[in-house]
Amino acid sequence: MPLKPEIPRPEAERQRVGYAVVGLGKLTAEELIPAIRTSRHAFLAALVTSEKDKGVALAHANDLTEDDVYTYGEFERLAERDDVEAVFIVLPNSMHREFVERAARMGKHVLCEKPLSTNVADAQAMVDACREAGVLLMTAYRCQYTPEHWAVREAVHSGRLGTVRTIDSIHSHTEHDPEAWRMRMEYAGGGPLVDVGIYSLNIIRFVLGKEPLWVFADANRPQGDSRFAEIEERVSWMMGFEGGIVANCHTSYASRDTSTLRVVGEAAKVELDPAFNYGCLRLTLTDTEAAHQPRFPYYDQFGSEVDHFAQCIREGKIPWTPGEEGVADHIVMDAIYESARTGKRVDLPAVAELDASRGERQPDLPGQG
């Protein structure tokens, strides 16, 4: 429905970008809606859900009305909402392509949770659909919008570490419910690799600014555990980069919560532990003199990414993590699964351009503006 003229929004809000959030799970309710409501460049305009009653209750708790709630079948009615400029897709992975393409046909810009889809072909189709519709597509890689991860990247690119030799990263936790959609191949497209291991993969590509040249992997699916009837329990993999850099990574759905990143150079090393949590990241840079632990202003990771996308919409610029960045991870994940399946190293095509899959507008970090 169109924006009600009898309830004009204040000037400050009219300058912001209105979001419709699609999918009202725990992440949306506990993290995304509060982040949008407290952001600087966005506001919450509508909710899209499979459960109307749930949506109405959440709307009332967040200063929206029943008229701002839509079912999945009513999604196209958002075309009538001039105040909805962007949709945030927070659905099971297998549903991403459908809703991204539906949003693009309405002329709405799209912020889509990671992984972008369940395979390379669908991810590329989403990029193509948004390009053809003239709308922006951003993959929600929140860790590329934090000052801690940018500090790791700067330590690498400034030469402070010396020549980088090795990187290692672990991201694991325990999934207890065998009925959860993440445990079903039909909805997830994979196991812990596509859900939490993707953080290690994506942030290593980010801090190096390079694409892997090869991968070598092993996966495990234990017998007799109903949680892993369809997906792997664990994936361990290596990635080789230009200059002889090797990254060692591990992800699991049956291990204690762990998220770490360590980059080791000839002169120094930099570590994040935890590395991928929603907050309280801890950065340590160790050189020949001492261990340094820089501090950063308070920020909200989800607020940073929704603000970045809103700014890109206003400025007409490609976001830092566009759909192409999501496609790039799918290419590597497909190679990891192939290596685990065949027991052989899988070579990837060389990509010469630095940060080839990233956009033109870098994020504003806390304290910058």
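From a predicted model like this one, the values you see are computed outputs, not experimental measurements. (Residues numbered from 1 in each chain as written. Predicted model: local features only at pLDDT ≥ 70, side-chain atom pairs only at ≥ 80, totals over all residues. Heavy atoms only, no water.)

Draft legend 1. Structural context of a negative patch on the surface. A contiguous patch of negative charge on the surface is contributed by Glu51, Asp53, Glu66 and Asp67. When you line up the elements, Glu51 lands in the loop between strand 2 (42-49) and helix 3 (52-60). For Glu51, a relative accessible area of 44% corresponds to the partly exposed category. (Patch = residues over 30% accessible without salt bridge, like charges linked within 9 Å, V, L, I, M, F, W, Y side chains within 5 Å. Areas by Shrake-Rupley, 256 points an atom, 1.4 Å probe, with all protein chains shown as cover. Salt bridge = Lys/Arg side-chain N within 4 Å of Asp/Glu carboxyl O. Lys, Arg positive; Asp, Glu negative; His and termini not counted. Charge placed at Lys NZ, Arg CZ, Asp CG, Glu CD. Helix = DSSP H or I, 4+ residues; strand = E, 2+ residues; numbered from the N terminus. Buried < 20%, exposed > 50% of the residue type's maximum accessible area, 1.4 Å probe, protein only.)

Draft legend 2. Molecular detail of the packing of aromatic side chains. Applying the stated criterion across every chain, the model contains 6 aromatic pairs. Seen in terms of ring centroids, Tyr278 and Phe302 are 5.0 Å apart; in terms of plane orientation they differ by 75°. Their pairing is edge-to-face. Note that Tyr278 is positioned in the loop between strand 12 (269-272) and strand 13 (283-286) and Phe302 in helix 9 (residues 301-315), a separation of 24 residues in sequence. With a relative accessible area of 43%, Tyr278 lands in the partly exposed category. Given a relative accessible area of 3%, Phe302 falls into the buried group. Taken together, the ring pairs connect Tyr72, Phe75 and Phe99 into an aromatic cluster. Over the face of the ring belonging to Phe99 we find Arg102, whose NZ or CZ atom lies 4.7 Å from the ring centre. (Phe/Tyr/Trp six-rings, centres within 6.5 Å; stacked < 30°, edge-to-face > 60°. Lys NZ or Arg CZ within 6 Å of the ring centre and 35° of its normal.)

Draft legend 3. Just the sheet that holds strand 15 (residues 346-347), in detail. Taken together, 9 strands build an open sheet; the order of strands is 14-13-12-11-7-10-9-8-15 and the sheet is mixed. At either end of the open sheet lies a strand with only one pairing partner, and these are strand 14 (291-292) and strand 15. Relative to strand 14, strand 13 runs antiparallel, the two sharing 2 bridges. When the bridges of strand 14 are listed, Thr286 appears paired with Ala291. (Pairing = 2+ DSSP bridges.)

Draft legend 4. Structural view of the environment of Val164. In this fold, Val164 is placed in strand 7 (residues 164-174). Residues contacting Val164, with those up to four places away along its chain left out, are Val156, Ile245, Val263, Val264 and Gly265. (Contact = heavy atoms within 4.5 Å.)

Draft legend 5. Molecular detail of the sheet that holds strand 6 (residues 137-140). Taken together, 6 strands build an open sheet; the order of strands is 3-2-1-4-5-6 and the sheet is parallel. Each edge of the sheet is formed by a strand with only one pairing partner; in this case those strands are strand 3 (69-71) and strand 6. The sheet shows a mean angle of 25° between the axes of neighbouring strands, taken without regard to direction. In this sheet, strand 3 lies alongside strand 2 in parallel orientation, the contact comprising 3 bridges. What sits directly across from Leu47, in strand 3, is Val69. (Axes fitted to C-alpha atoms, helices over the stretch in contact; angles between N-to-C directions.)

Draft legend 6. Broad picture of the side chain of Arg102. Positionally, Arg102 belongs in helix 4 (residues 96-105). Only 2.8 Å separates the side chain of Arg102 from the backbone oxygen of Tyr72, close enough to count as a polar contact. Beyond its immediate chain neighbours, meaning those up to four positions away, Arg102 contacts Tyr72, Gly73, Phe75 and Glu76. (Polar contact = N/O pair within 3.5 Å; in protein donor to acceptor, adjacent residues only side chain to side chain.)

Draft legend 7. Spatial organisation of the state of the cysteines. For the structure shown, the criterion picks out 0 disulfides. Cysteine Cys143 remains unbridged, with the sulfur of Cys280 as its closest cysteine sulfur at 14 Å. Assessed through its relative accessible area of 4%, Cys143 is described here as buried. No disulfide involves Cys312; its sulfur sits 14 Å from the nearest other cysteine sulfur, which is in Cys130. Relative accessible area serves as the criterion here: at 0%, Cys312 is assigned to the buried category. (Disulfide = S-S within 2.5 Å.)

Draft legend 8. Local environment of the pairing of strand 9 (residues 234-240). Counting buried residues along strand 9, 5 of its 7 residues qualify, which places the element largely inside the surrounding structure. Bridge count for strand 8 (residues 214-220) against strand 9 is 7 bridges, and the pairing is antiparallel. Its bridge partner lying in strand 9, Asn220 is registered against Arg234. The sheet contact formed by strand 9 and strand 10 (residues 246-252) spans 7 bridges and is antiparallel. Counterpart to Gly240 in the pairing with strand 10 is Val246. Counted between consecutive antiparallel strands, the loop separating strand 9 from strand 10 contains 5 residues, among which Gly243 sits at a positive phi close to 85°.

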